[in-house]
Amino acid sequence: MSNLSRRDFLRYLMTLSAAGISTYLSSCRRLEPTLIEIPTEGANLPTEAPRASTPPTAESTDSELISTEGAYLAVARGKAAGPDELTRRAIAAVGGIERYVKKGADVIVKPNICNAYHSPEYASTTNPAVVAAIVALCLDAGAGRVRVMDFPFGGKAQNAYETSGIAQAVESVGGEMELMNLLKYKKVEIPNPMALKKTEIYGDILNADTVINVPIAKHHSGAKLTLGLKNLMGVILNRGTLHANGLHQSIVDLSTVVKPQLTVIDATSILVANGPTGGSLNDVRQMDTVIASADVVAADAYAATLFNMTGADIEYIRLADELGLGSMDLKSLNIETIDA
Amino acid sequence: MKASTIRKFRPWVQALVFILFVVLLVAAGRINFLPSDLFFRLDPLVGLAGMLAARRFVLSMFIGGLIVLVLTLILGRVWCGWLCPLGTVIDWVPSHKPKPKEAELDSRWRKVKYFLLGLIVLLALLGNLSLIILDPITLIYRTVITAIWPSLVAIVSGAEQALVGLPLPGLLDAVVRFDNFLRSTVFPIYQPVFRLSGLAVLLFVVVLVLNAVRSRFWCRYLCPLGGLLGLLSKVSWLRRSTNNHCIACAKCARVCPTGTIDPKKDYASDPSECIMCLECAPACDKNAQEFHGYLAPALWQPYDPSFRQFLLSAGAAVTVVGLSKVLPQNKRTQPFLLRPPGAADPEFLSQCIRCGMCIQVCPTSGLQPSLTEAGWAGIWTPVLVPRLGYCDYSCNACGQVCPTGAIPKLTLEEKRQRVIGHAYVDRNRCLPWASGRSCITCEEMCPVSDKAIQLEEVEVLSSDGQLTTLQRPYVIQDRCIGCGICENNCPLSGQAAIQVYTPTDLGISLPW
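Treat the numbers as computed from the prediction; the structure is a model and nothing was measured. (Residues numbered from 1 in each chain as written. Chains lettered and ligands numbered in written order. Predicted model: local features only at pLDDT ≥ 70, side-chain atom pairs only at ≥ 80, totals over all residues. Heavy atoms only, no water.)

(A) Structural detail: the overall build of chain A. When you go through chain A residue by residue, the secondary structure sums to 12 helices and 13 strands. The buried share of chain A, reckoned over its 340 residues, is 57%. A fraction of 73% describes how many contacts in chain A between residues 6 or more apart in sequence connect residues 24 or more apart. Of the roughly 13500 Å² that chain A leaves accessible, carbon and sulfur atoms contribute 52%. (Helix = DSSP H or I, 4+ residues; strand = E, 2+ residues; numbered from the N terminus. Buried < 20%, exposed > 50% of the residue type's maximum accessible area, 1.4 Å probe, protein only. Contact = heavy atoms within 4.5 Å. Areas by Shrake-Rupley, 256 points an atom, 1.4 Å probe, with all protein chains shown as cover.)

Structure (structure tokens):
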């Protein structure tokens, strides 16, 4: 080593210091997202849903919104119209997309892309045509940016985006697929939780002007069904502990913080067994139905009826209703059914 | 062109080949312009031993190995001096060059590489590949994929985290864009972790630090591939020689990185030890060196392998094989010997060249180097460790990149049918079974279309004395493929309450 030249010495020193500096940088901050405060009741949350008409709850005194047109919940169904047409009709019936998407708005569409295993006909991921129709509507309404994202639990997100057909469909209408980056999650403390006290939520979901929740209606043995409220689990990082600490309560806790402005449930094909992963066409039923509402609880309660259940049969829907997050009492709601 | 001019290209060729090595490594399985396993194909030792042990002809390895063998027959050990990525790294670290009066290391040390070569080849003949881990390409590949690259991922991710914390507008977006680019091209989504990464680095560092004893210590004395190419170089065409212009100034001997220029023999060199680096060319200012073609074999040196040494290798090989028969693994299957889909012991042990490509392409880092599962004879062969990463139902990459076919090339549909193992619920720890708390994570995750994990509904007394319904998971063994996503996601800390075991042929096990 004695014959190490000055130039070589400097070269090694530079390599070492570059490595040293980046290692120091990487260790000087704990690998943990920052805690952000969510304002409690009364405050105007950035993701507060505009009500299409009054739900039968105590806070329903906003006369301005009552006067605006549109049903509280819309159901478009029929074999003749494709998923695209059904989606457009349902959204038109709840007041049209302009109601939820302002000009220049930053819109996030959250479908269910839970894994990279199966093509769309297996009904384990949201129908790509439904997602694309929503993206196209948003862009037509003058949205500044429309991003589509989910964090699959099985396989890589990139693969899942492609296998589900959603990436191709979204990009063909000018939308943007976003990989949910670990750097963007923010630790959030949930006010008055039943089970979920703190969790890491994708920051952009909290900051977007409009979040559109686009689940597919399907079977789930733990929760019975996975619908709109449960689809929101895709925006948090640590889902394992949710299952062990009261799944239903945690789903509802999360929905007090993450409030999509519009929920569009894809029930064009539904998965009736072996969900949420699926994989057998024997478990798929074609329903040719799309449900839209600003009230995720109502949309979920309606979707449950497609499986011969009611909202009250699904614990997270019942809990969300009890908490006043929405209404599962379908009889009291203004529902418009469109047979297409 | 003069030898001293050609020599100037060597650092550049080395750097370019090394970059190619890293590119192929990082992008393994995702590029088309060159085979990802190019360096393993070119490595004739891996090809020879791999084919001998597996009793199987692999065309790609045969052609690749042949290219390097023919190259060696023409130009000598240019592989070592110009192409080998491990040799390149060894050249990059500072090395000790002996002073003129310093005693040369006993040249009999050079025999070690022939001993190892003989041992590895004879072991392969007996169906044992356990010492192929000493091949230079497998050695550097494994070190980079299990230790150096993952460390780089950690350091870059950490620096990104730190940057994101700075209060600068637009910084988050820029860093995220950069990170997304990395994650969608070369980096995995999550930080990969690997067993034996420390041991791999230790071996690697020892190889490099030996440079402080003598330059290119590994290449002169130890490298079994160097031994193979060295033997062949005895009859290589291009060789260095000295002529009568030589004034015995010893400048050439001083710069020779393998120390083969011998002052006692008129500064001649042994083509078996010469790595064709041409460092000696500019050192000589008397035009006393020539590089010419020869057809007669070079002189046999005292340190070259002898028949007795061959017998020693044979004895060692028999001993190693004998010892490998004493492993408990031969009597009882180890509980967690989960091989990549389609691979099964004992055949796998004779086919796997321990290169680590499957480990590199596994998207969840579930494939890990084995330490104990297959005994020492299977060290660094891949095993699935579901707690660290599951076998992705939408992935069949390991079989696609395996250079020897030890992991069969399966279509995604075929791979989904292959049984890696069977999951068993540990009812003493499982939340619903042991603690009366609801949890269905394993069932939810199960990717098989008729779920291998089912839930039985029971009425139980909760801790406050009330009757509640609870779903308890159980496994239908003949549906389970052992992908391990259940074990991976079990929310218990430490060991999971559902674990994948080496498959058995018991058939259906009942839920009670």
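(B) Structural context of the overall build of chain B. The number of helices and strands found in chain B is 23 helices and eight strands. Seen through its C-alpha atoms, chain B measures out along the principal axes to roughly 105 × 65 × 40 Å. In chain B, 76% of the contacts between residues at least 6 apart in sequence involve partners at least 24 apart. Just so you have it, chain B exposes about 22800 Å², and 65% of that area is on carbon and sulfur atoms. The centroid of the 48 positive side-chain charges in chain B is displaced by 11 Å from the centroid of its 35 negative side-chain charges. (Lys, Arg positive; Asp, Glu negative; His and termini not counted. Charge placed at Lys NZ, Arg CZ, Asp CG, Glu CD.)

(C) Examining helix 9 (residues 136–164) of chain B more closely. Residues and elements named next belong to chain B. Here helix 9 is 29 residues long and its end C-alpha atoms lie 40 Å apart, about the 42 Å a rise of 1.5 Å per residue gives. Within helix 9, the axis deviates most sharply at V144, by approximately 45°. Counted residue by residue, helix 9 has 22 buried out of 29 residues, so it is predominantly covered. (Expected span 1.5 Å × (residues − 1). Bend = angle between axes of the 7 residues up to and from the residue.)

(D) Here's a closer look at the nonpolar core. In this structure, B:W79, B:W218 and B:I498 are the most contacted members of the largest nonpolar core, which totals 108 residues. When residues of this core are assigned to their parent elements, the largest contribution, eight residues, is made by helix 9 of chain B. Beyond its immediate stretch of four places on either side in the chain, B:W79 contacts B:F39, B:L42, B:V68, B:C84, B:I137, B:L225 and B:L229. Counting residues in hydrophobic clusters, the runner-up holds 95 residues, among them A:V257, A:A301, A:A304 and A:A320. (Core = buried A, V, L, I, M, F, W, Y, C linked by side-chain atoms within 4.5 Å.)

(E) Representation of the interface of chain A and chain B within the structure. Contacts between the two partners involve 41 residues from chain A and, on the opposite side, 51 residues from chain B. Both sides together, the interface formed by chain A and chain B hides about 3800 Å², and carbon and sulfur atoms give 56% of it. For B:E444, the salt bridge goes to A:K230, with nearest N and O atoms at 3.6 Å. For the side of chain A that touches chain B, the elements supplying multiple residues, two or more each, are helix 1 (6–27) and helix 9 (240–244) of chain A. Take the side of chain A that touches chain B: its biggest share by element is five residues, from helix 1 of chain A. Residues that form the side of chain A that touches chain B fall into these classes: 14 nonpolar, 22 polar and five charged. (Buried area = accessible area lost by both parts, 1.4 Å probe. Salt bridge = Lys/Arg side-chain N within 4 Å of Asp/Glu carboxyl O. Nonpolar A, V, L, I, M, F, W, Y, C, P; charged D, E, K, R; others polar.)

(F) Region of interest: the pairing of strand 6 (residues 453–461) of chain B. Residues and elements named next belong to chain B. Where strand 6 lies against strand 7 (residues 467–475), nine bridges are found, and the strand directions are antiparallel. Bridge pairing in strand 7 places I453 opposite V475. Between strand 6 and strand 7, which pair antiparallel and follow one another directly, the connecting turn spans five residues, one of which, G465, has a positive phi of 80°. (Pairing = 2+ DSSP bridges.)

(G) Representation of unusual backbone geometry. A cis geometry characterises the amide bond from A:G275 onward to A:P276, with omega recorded as 0°. With an omega dihedral of 5°, the bond running from B:D345 to B:P346 counts as a cis peptide bond. Inspection of the secondary structure assignment puts B:P346 in the loop between helix 16 (307–324) and helix 17 (347–351). With phi around 65°, B:L196 is a residue other than glycine that occupies positive phi space. With respect to the helices and strands, the residue B:L196 is situated in the loop between helix 10 (171–185) and helix 11 (197–209).

(H) Local environment of the pattern of salt bridges. All names here are of chain B. In this structure the tally under the stated criterion is 29 salt bridges over all chains. Across the pair D304 and K234 runs a salt bridge, and its minimum N-O distance is 2.6 Å. Of this pair, D304 sits in the loop between strand 2 (289–293) and helix 16 while K234 sits in the loop between helix 13 (224–233) and strand 1 (238–242), placing them 70 residues apart in sequence. By relative accessible area, D304 is classed as buried at 1%.

(I) Broad picture of the environment of B:V93. Within the secondary structure, B:V93 sits in the loop between helix 7 (85–92) and helix 8 (111–125). Take B:V93: its relative accessible area is 22%, and that puts it in the partly exposed class. In this structure, the C-alpha to C-alpha distance between B:V93 and B:F187, residues 94 residues apart in sequence, is 27 Å. Contacts of B:V93, omitting those with residues within four sequence positions, involve A:Y12, B:L208 and B:N211.

(J) Layout of the side chain of B:R354. Residues and elements named next belong to chain B. Within the secondary structure, R354 is located in the loop between helix 17 and helix 18 (357–361). Although R354 is buried, it makes no salt bridge; D345 carries the closest opposite charge, 8.0 Å away. Here C352 takes part through its backbone oxygen, which lies 2.7 Å from a polar atom of the side chain of R354. Polar side-chain contacts of R354 include one of 2.6 Å to the backbone oxygen of A377. What R354 contacts, discounting residues up to four positions off in sequence, is L129, S130, I132, I133, T138, R142, L349, A377, G378, I379, W380 and T381. (Polar contact = N/O pair within 3.5 Å; in protein donor to acceptor, adjacent residues only side chain to side chain.)

(K) Here's a closer look at the packing of helix 4 (residues 44–54) of chain B against helix 8 of chain B. Residue and element names in this part refer to chain B. Where helix 4 meets helix 8, the closest approach of the two axes is 7 Å, and the angle between their N-to-C directions is 30°. Classified by the interaxial angle, the pair formed by helix 4 and helix 8 is roughly parallel. Two secondary-structure elements touch here, helix 4 through L45, L48, A49, L52 and A53 and helix 8 through L117, I120, V121, A124 and L125. Here the contact of helix 4 with helix 8 is built from residues that sort into 10 nonpolar, no polar and no charged. (Axes fitted to C-alpha atoms, helices over the stretch in contact; angles between N-to-C directions. Parallel < 35°, antiparallel > 145°, perpendicular 65-115°, else oblique.)

(L) How the structure looks around the packing of aromatic side chains. The full count for this structure, using the stated rule, is 14 aromatic pairs over all chains. Ring geometry for A:F151 versus B:Y190: centroids 6.4 Å apart, planes at 45°, classification tilted. Linking A:F151 in the loop between strand 4 (145–148) and helix 5 (157–163) with B:Y190 in the loop between helix 10 and helix 11, this pair reaches from one chain into another. A relative accessible area of 49% means that B:Y190 is categorised as partly exposed. On the basis of an interplanar angle of 35° and a centroid distance of 6.2 Å, the ring pair of B:F18 and B:F21 is categorised as tilted. Pair noted here: B:F18 and B:F21 are both in helix 2 (residues 10–26), with a separation of three residues, about one helical turn. Here B:F18 matches B:F21 in class, with each residue buried. Sitting over the ring of B:Y303, B:R110 keeps its end group 5.5 Å from the ring centre. Geometry around B:W300 places B:K234 over its ring, the cationic atom sitting 5.6 Å from the centre. (Phe/Tyr/Trp six-rings, centres within 6.5 Å; stacked < 30°, edge-to-face > 60°. Lys NZ or Arg CZ within 6 Å of the ring centre and 35° of its normal.)

(M) Structural detail: the packing of helix 8 of chain B against helix 16 of chain B. Residues and elements named next belong to chain B. Taken N-terminus to C-terminus, the directions of helix 8 and helix 16 make an angle of 50°; their axes are 8 Å apart at the nearest point. For the element pair helix 8 / helix 16, the angle class is oblique. Read as a crossing pair, helix 8 and helix 16 show a hand that is right-handed. On the side of helix 8, the interface is formed by K111, Y114, F115, G118, L119, L122 and L123, while helix 16 contributes Q309, F310, L312, S313, A314, A316, A317, V320 and V321. Residues of the contact of helix 8 with helix 16, tallied by class, amount to 12 nonpolar, three polar and one charged. (Left-handed = near helix turned anticlockwise from the far one by under 90°.)

(N) The arrangement of the environment of B:K331 in detail. Tracing the sequence through the fold places B:K331 in the loop between helix 16 and helix 17. Look at B:K331 and you get exposed, because its relative accessible area is 76%.

(O) Up close: the side chain of A:S250. Residue and element names in this part refer to chain A. Here S250 is to be found in helix 10 (residues 247–255). The exposure class of S250 is buried, given its relative accessible area of 1%. In contact with S250, other than residues within four places in its own chain, are A195, L196, L242 and N245.

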